[in-house]
Amino acid sequence: MRPLLTFLLSPVAALAQLQLFVVDSPGSERAVAASYDLGDAPAGDALETRLRIRNSAGANASLQRLSIAGQGFSMLGDPSLPFLMTPGVNVDFRVRFRAGNAGSYSAVVQYNERLAVLRATVSPAVTLLVERDGLLAALSAGAIIDFGRVERGSRAVRHAELRNTNGAALTVSSLTAGEPFQVAAGLDLPLTLAAGQAVSLEISYSPRRAGIDRAAMRLDGRSFALEGFAVEPPFPEPRIVFSSEAVSSAQQVRVSVRFDEISRASGSGTLALDFLPLADSLGDDPAIQFLASGGRQVRAVASEGDDSVRLDGQPETVFQTGTTAGTLVFTLRLGDHTQRAMLRVGAATAAIDAGRAARHPSSLEVRLTGFDNTRSLSRLSFTFYDRSGRPIGAGPTLAEVAEDFRRYYQATRSGGLFSLLATFPVAGSAGEVGAVEVEMVNSAGASPTRRILF
Amino acid sequence: MRNTCVLIALLTSMTAEPDRLDVPRIGFWRSADGTIRQLDGIRGNLIGSRVWLKGAVSAASSGRRTLVKTGDSILALDAGGEVVWRLEAPPGRASFAFTSAGEPARAYFHETSELIQLPDGLRAETPPDPVVALSESAMVVRRGESMWLIRDDGSESPLTGARDPVALLPDASPIYFDGVELIASGRLPRRIRLPQPPEWIEPVGPGWLHVRTSTESFAVFLGEEGPELFGLPAGRR
């Protein structure tokens, strides 16, 4: 070999304008005199070296030729030729070496008329092949095995193979992967592979939290990069469930949110309550609210393993239907889901929640509390009875109250609620009056009569 | 026919007097953070978020008057929430009693075991046993592990199974927890199950009680058909 090298390098002395360097690291370079040893690589792995050509002369030079010749060697990032180099200018490129069989390898780099010899050695090693798109592909040390997007809590598997392509048996002593990746489960190490023998294995990724995961897989002295991106699994389909679907005004109703299956996801969202009055003129009703929050929204939280969503920390929460006719719209936002459910509160006749009647020496007082969810009360009817239950007078006493209630509802913001005090002057003995029956008329009709005792 | 002697006429304009048509007012209640809130509404439709006072350690409302115990005073509010009088008081919790007309009658200070008349603040004879609850004419005292209802006429009767807290209605009917249910004692005892044991019971208006558990506030309506339980708006406070 030495006589050949002497022959190859003899023209260099005549043309010392361009010089070859190897760049070990940024800012560190060494001149390559006649040859350079790239080092040792396991079979199938790549060695990559950065080389530099510099114009060391005081005049311009043109790089006319740059090539590499040798089995397993290739050049990357080399410049387009010809390349004009002013004095002191560098041009960098990379040389990559990879060979599948053990042995010594060399190549000749030619830059213009100058030559340099590059050497590399390949030691026998097991080849790692990893499946991608249904095909097994050999990987070099440092290669990335990317699992892509994987749901937290699930397990993604890449099929792989260790193959001995060498002519003699090889032993694999160590094969490990950092969490949350796993490899070689069930593989009995150390493992000796005869020439041409292969063994299958699985590389898996089991993320336990959302985010990017990176770890190294080590195969004896070689390292491969493992990468995965864990995403939260989707929530199962949620359903908004009411303790009663048939609701009316002045009710407190329970609502819960259930999943069709056990949730694999954890996260939070909101359950919102909106109100659409039957008519725009009715406006809003402040009593329509979730009692827990005193507002129109509660926090919705679900954890992995739950079969329902916790609303404001509880399995269910209570809301009021208010005293205005309209539609209650519930909107659950949880993960990618937006679920809506509606409850209709129909227009109803006015209702009395409580009634009290009192006698005074010259008058009677009737106090009624209740609601009119149409806010259209127009007439009240009072029928008085004596102590023995016989009606007093020729018929009911009527009061046309449409204007009074219209003004009242315009001035208040309490839905259809009202408290009414009606006073009746009495001529004669008020003590003879035993009861009063009240009927109220609104746009939905006449309410059932309510008898109130004095 | 006597009924022909009774002539009834309707006041034709109810709005001639502004208080004839109004929002139903129940009274006031004390939330767990010591805030006094107005409570309006009816059964199943309560509105109770308006704040009137803070720093209350006890409260009771007849609807007509509300008594609030702060760190060093008793405040009396009218039905509109305005302070009508104030009285210096020893520290700690207090229990209050109203007359049947809803006016303040007396107060008991638990830390100092003092009983006073209201609204003048004159000290009354203090019973030898710790008072748990009081009305205008009776009180509930603790004797060892048991509770006793003592009326001003001298009669005494045990409240079998009663545990703290206990409340007395203006007619001296006791409301208490027996470890499982809230019992409204009367001619026909009525029961209602609570989701959790109560920590305190305070009257919030005619026929209404505030029952506070460790996590939530409820309004109990004492109607003819027995007690009914409702959630209070923002009752987790």
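In this text, all values refer to a predicted model and were calculated from it rather than measured experimentally. (Residues numbered from 1 in each chain as written. Chains lettered and ligands numbered in written order. Predicted model: local features only at pLDDT ≥ 70, side-chain atom pairs only at ≥ 80, totals over all residues. Heavy atoms only, no water.)

A few words now on unusual backbone geometry. For the bond running from Leu-189 of chain A to Pro-190 of chain A, omega is 0 degrees, close enough to zero to count as cis. Within the secondary structure layout, Pro-190 of chain A lies in the loop between strand 18 (181–183) and strand 19 (191–193). Between Asp-164 of chain B and the following residue, Pro-165 of chain B, the backbone shows a cis peptide bond with an omega angle of 0 degrees. Mapped onto the fold, Pro-165 of chain B is located in strand 18 (residues 163–168). Phi is positive for Asp-133 of chain A, which is not a glycine, with a value near 55 degrees. As for its position among the elements, Asp-133 of chain A is in the loop between strand 12 (127–132) and strand 13 (135–139). Exposure remark for Asp-133 of chain A: the relative accessible area of 73% places this residue in the exposed category. In the Ramachandran plot, Asp-312 of chain A falls in the positive-phi region, its phi being about 50 degrees despite a non-glycine side chain. Within the element layout of this structure, Asp-312 of chain A appears in the loop between strand 27 (308–311) and strand 28 (317–320). (Helix = DSSP H or I, 4+ residues; strand = E, 2+ residues; numbered from the N terminus. Buried < 20%, exposed > 50% of the residue type's maximum accessible area, 1.4 Å probe, protein only.)

For the rest of this paragraph, the subject is the confidence of the model for chain B. Regions with low pLDDT carry predicted coordinates that are not meant to be interpreted in detail. All names here are of chain B. For chain B, mean pLDDT is 89; residues scoring 70 or higher make up 90% of the total. Taken together, the stretch residues 10–19 has pLDDT below 50 and engages in 19 contacts with residues farther than four places along the chain or on a different chain. Interface confidence in the predicted complex, given as ipTM, is 0.88; pTM for the same model is 0.75. (pLDDT = per-residue confidence, 0-100. Contact = heavy atoms within 4.5 Å.)

A few words on the sheet that holds strand 13 of chain A. What links the strands of a sheet is backbone hydrogen bonding, and the strands pair in either a parallel or an antiparallel sense. All names here are of chain A. Reading across the sheet, the five strands line up as 13-12-15-20-18 and stay open at both edges, with antiparallel pairing between neighbours. With partners counted over all chains shown, the strands left at the sheet margins are strand 13 and strand 18, one partner each. The mean angle between the axes of side-by-side strands here comes to 30 degrees, regardless of whether they run parallel or antiparallel. Sheet analysis places strand 12 next to strand 15 (residues 156–163), joined by four bridges and oriented antiparallel. Bridged to Thr-127 within strand 15 is Arg-163. (Pairing = 2+ DSSP bridges. Axes fitted to C-alpha atoms, helices over the stretch in contact; angles between N-to-C directions.)

It is worth spelling out the interface of chain B and chain A at this point. With 32 residues of chain B at the interface, the matching set in chain A holds 51 residues. Between chain B and chain A, a total of about 3500 Å² is buried, with carbon and sulfur atoms accounting for 59% of that surface. In this structure, Arg-43 of chain B engages Asp-353 of chain A in a salt bridge whose closest nitrogen and oxygen atoms are separated by 2.8 Å. Connecting chain B to chain A are 10 residue pairs in polar contact (both at pLDDT 80 or more). If you list the elements that add at least two residues to the side of chain B that touches chain A, you get strand 1 (7–8), strand 2 (21–22), strand 4 (36–42), strand 5 (45–47) and strand 25 (226–231) of chain B. When residues of the side of chain B that touches chain A are assigned to their parent elements, the largest contribution, three residues, is made by strand 5 of chain B. Grouping the amino acids of the side of chain B that touches chain A by side-chain chemistry returns 19 nonpolar, seven polar and six charged. Across two bridges, strand 35 (residues 417–427) of chain A lies against strand 2 of chain B in antiparallel orientation. Counterpart to Leu-420 of chain A in the pairing with strand 2 of chain B is Leu-21 of chain B. (Buried area = accessible area lost by both parts, 1.4 Å probe. Salt bridge = Lys/Arg side-chain N within 4 Å of Asp/Glu carboxyl O. Polar contact = N/O pair within 3.5 Å; in protein donor to acceptor, adjacent residues only side chain to side chain. Nonpolar A, V, L, I, M, F, W, Y, C, P; charged D, E, K, R; others polar.)

Another aspect to go through is the pattern of salt bridges. All names here are of chain A. All told, the structure shown has 37 salt bridges over all chains when counted by the stated rule. In this structure, Arg-152 engages Glu-304 in a salt bridge whose closest nitrogen and oxygen atoms are separated by 2.8 Å. With Arg-152 in the loop between strand 14 (144–151) and strand 15 and Glu-304 in the loop between strand 26 (297–302) and strand 27, the pair connects residues that are 152 residues apart, well separated along the chain. According to the relative accessible area criterion, Glu-304 is partly exposed, its value standing at 45%. Residue Arg-163 is joined to Glu-161 by a salt bridge in which the shortest nitrogen-to-oxygen separation is 2.7 Å. With a relative accessible area of 13%, Glu-161 lands in the buried category. A cluster of three or more residues bridged by salt bridges with shared partners is formed by Glu-29, Arg-50, Arg-52, Arg-54 and Asp-92.

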